[in-house]
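Examination of the molecular architecture
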Amino acid sequence: MISCGSNSQLLISVTPTVTSVPWTPTVPGAITPTVTFTTTPLPATPTQTPTGNPSPTSIPIATSTAVSVPTPVVNSIKDDNGTGDNKDSENDSSEVSFSVFGSHLMGTGATVTFTDVDFGTVYTGTVNSSTDGELKGTITIPGGKYVINVTVGGKTSTDVVYFYKGTGTYEKS
């Protein structure tokens, strides 16, 4: 195949033919074959994109979709074991069942962290269920004052909401 530029192609096939010679040559190998060329042009391949409805095989398929995840908002937390407030009266380390309320709380990898205000220790709760407005879970923590954060889809809440554990006197700050 020979390319002739501008998307045109030329196919050449070679068929050697030997013309019959009425005499016998005196020199071996002196028979010269006659070569004939037959050319067949191939249709040009278009380089422009056709207009109209594309065929199903030419529709591009997206390989990833960027989805904007909103930052979770935490309005309040309650202790599901006790009176339904943001306190657990147990001084020692124990399991607390909690509900966090707000918005944008449901999504991939939802986590709730309790950060001890006095010592900076971070505890991560187990999320048992979530909706857009409520996230339920459990955590084992010692007595103290904690700031609650929710992380969903890699974004963390910035609201300051406290949870109190134990019978100490805690001032809101």
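Reference entry: report on the structure contained in this document. (Residues numbered from 1 in each chain as written. Predicted model: local features only at pLDDT ≥ 70, side-chain atom pairs only at ≥ 80, totals over all residues. Heavy atoms only, no water.)

1. With respect to the packing of aromatic side chains
Counted by the stated rule, this structure contains five aromatic pairs. Geometrically, the ring pair formed by F114 and F163 is edge-to-face, given 5.7 Å between the ring centres and 80 degrees between the ring planes. With F114 in strand 7 (residues 111–116) and F163 in strand 13 (residues 161–165), this residue pair connects regions lying 49 residues apart in the sequence. Just as F114 is buried, F163 falls in that class too. Members of the aromatic cluster, joined through ring pairs, are F98, F114, Y123, Y146 and F163. Taking the ring centre of Y162 as reference, the NZ or CZ of K145 above it sits at 4.5 Å. (Phe/Tyr/Trp six-rings, centres within 6.5 Å; stacked < 30°, edge-to-face > 60°. Helix = DSSP H or I, 4+ residues; strand = E, 2+ residues; numbered from the N terminus. Buried < 20%, exposed > 50% of the residue type's maximum accessible area, 1.4 Å probe, protein only. Lys NZ or Arg CZ within 6 Å of the ring centre and 35° of its normal.)

2. Quick word on the side chain of K165
You can see K165 is positioned in strand 13. On the accessibility criterion, K165 (0% relative accessible area) is buried. Side-chain polar atoms of K165 contact the side chain of S94, separated by 2.8 Å. (Polar contact = N/O pair within 3.5 Å; in protein donor to acceptor, adjacent residues only side chain to side chain.)

3. Points about the nonpolar core
Counting 18 residues, the largest nonpolar core has V100 and F114 as its most contacted members. Within the residue set of this core, elements represented by two or more residues are strand 4 (73–79), strand 6 (94–103), strand 7, strand 10 (134–141), strand 11 (144–152) and strand 13. With four residues, the single largest contributor to this core is strand 11. Beyond its immediate stretch of four places on either side in the chain, V100 contacts V74, S76, I77, L105, V112, G133, E134, L135, I148 and V150. (Core = buried A, V, L, I, M, F, W, Y, C linked by side-chain atoms within 4.5 Å. Contact = heavy atoms within 4.5 Å.)

4. Things to note about the environment of D132
Along the chain, D132 turns up in the loop between strand 9 (126–130) and strand 10. In the structure, D132 is positioned 28 residues away from H104 in sequence and 5.1 Å away in space, judged by C-alpha atoms. For D132, the residues in contact, after removing those within four places along its chain, are G102, S103, H104, L105 and M106. Among the polar contacts listed, one links the side chain of D132 to the backbone nitrogen of H104, at a separation of 2.9 Å.

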